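Residue-level structure breakdown
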Amino acid sequence: MNDEAGSGTDAPPSAARRMSAWTILAVVAAALVVCCCSAAVGLLISWSAGLFHSPT
């Protein structure tokens, strides 16, 4: 059998590359959101614990 399409779909190879590029961008964006949210939560916890207040 000759499998020139790769995954067996009728989409051209450029569409498969474009889809994987969008997938990579989505994963990177999700990682950035998770990192920013965890950093914000950490700063909020530190602030509420008084780590950023000047000692009196």
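I will try to describe carefully the structure that is included in this document. In every chain, residue numbers begin from 1 and rise along the written sequence. Only residues with pLDDT of at least 70 get local features here, since the model is predicted, and only at 80 or more are side-chain atom pairs given and counted; chain-wide, interface and lining totals rely on the full set of residues. Side-chain descriptors were evaluated using all non-hydrogen atoms of the structure, hydrogens and water having been removed beforehand.

**Points about the overall build of the protein**
Heads up, the rule is: Only DSSP runs of H or I with at least four residues qualify as helices, and only runs of E with at least two residues qualify as strands; both kinds are numbered from the N terminus onward. Each residue is assigned to one of three classes by its accessible area relative to the maximum for its type, calculated with a 1.4 Å probe on protein chains only: buried under 20%, partly exposed between the two thresholds, exposed over 50%. Shrake-Rupley sampling with a 1.4 Å probe provides the accessible areas, and residues are treated as covered by the protein chains on show and by no other component.
Looking only at helices and strands, one finds 1 helix and 0 strands in the protein. Taking all 56 residues of the protein together, the buried fraction comes to 2%. Accessible surface computed for the protein: about 5,100 Å², of which carbon and sulfur atoms make up 72%.

**Things to note about the state of the cysteines**
In plain terms, the rule: For the purposes of this analysis, a disulfide is any pair of cysteine sulfur atoms at a distance within 2.5 Å.
On inspection of all chains with the given rule, the structure shows 0 disulfides. The structure places no disulfide on Cys35, whose sulfur is separated from the nearest cysteine sulfur, that of Cys36, by 6.8 Å. Accessibility expressed as a relative area gives 52% for Cys36, which makes it exposed.

**Comments concerning the packing of aromatic side chains**
Spelled out, the test is: For Phe, Tyr and Trp, where Trp contributes only its six-membered ring, two rings pair if their centres lie within 6.5 Å, and the inter-plane angle classes them as stacked under 30 degrees, edge-to-face over 60, or tilted in between.
Counted according to the given criterion, the structure contains 1 aromatic pair. On the basis of an interplanar angle of 35° and a centroid distance of 5.9 Å, the ring pair of Trp47 and Phe52 is categorised as tilted.

**Some details on a nonpolar patch on the surface**
Here is the rule: Patch definition: residues above 30% relative accessible area lacking any salt bridge, with like charges linked at up to 9 Å and the nonpolar side chains Val, Leu, Ile, Met, Phe, Trp and Tyr linked at up to 5 Å. Just to be clear on terms, a salt bridge is a Lys or Arg side-chain nitrogen sitting within 4 Å of an Asp or Glu carboxyl oxygen.
Among the surface-exposed residues, Met19, Trp22 and Leu25 lie close enough to one another that they form a single nonpolar patch of about 380 Å² accessible area. Residue position: Met19 is located in helix H1 (residues 13–48). Overall, Met19 belongs to the exposed group, its relative accessible area being 54%.

**Digging into the environment of Phe52**
To keep it simple, the criterion reads: In what follows, a contact means two residues having at least one pair of non-hydrogen atoms within 4.5 Å.
If you trace the backbone, Phe52 turns up in the segment after H1. Residue contacts for Phe52: discarding those within four places in its chain leaves Leu43, Ser46 and Trp47.

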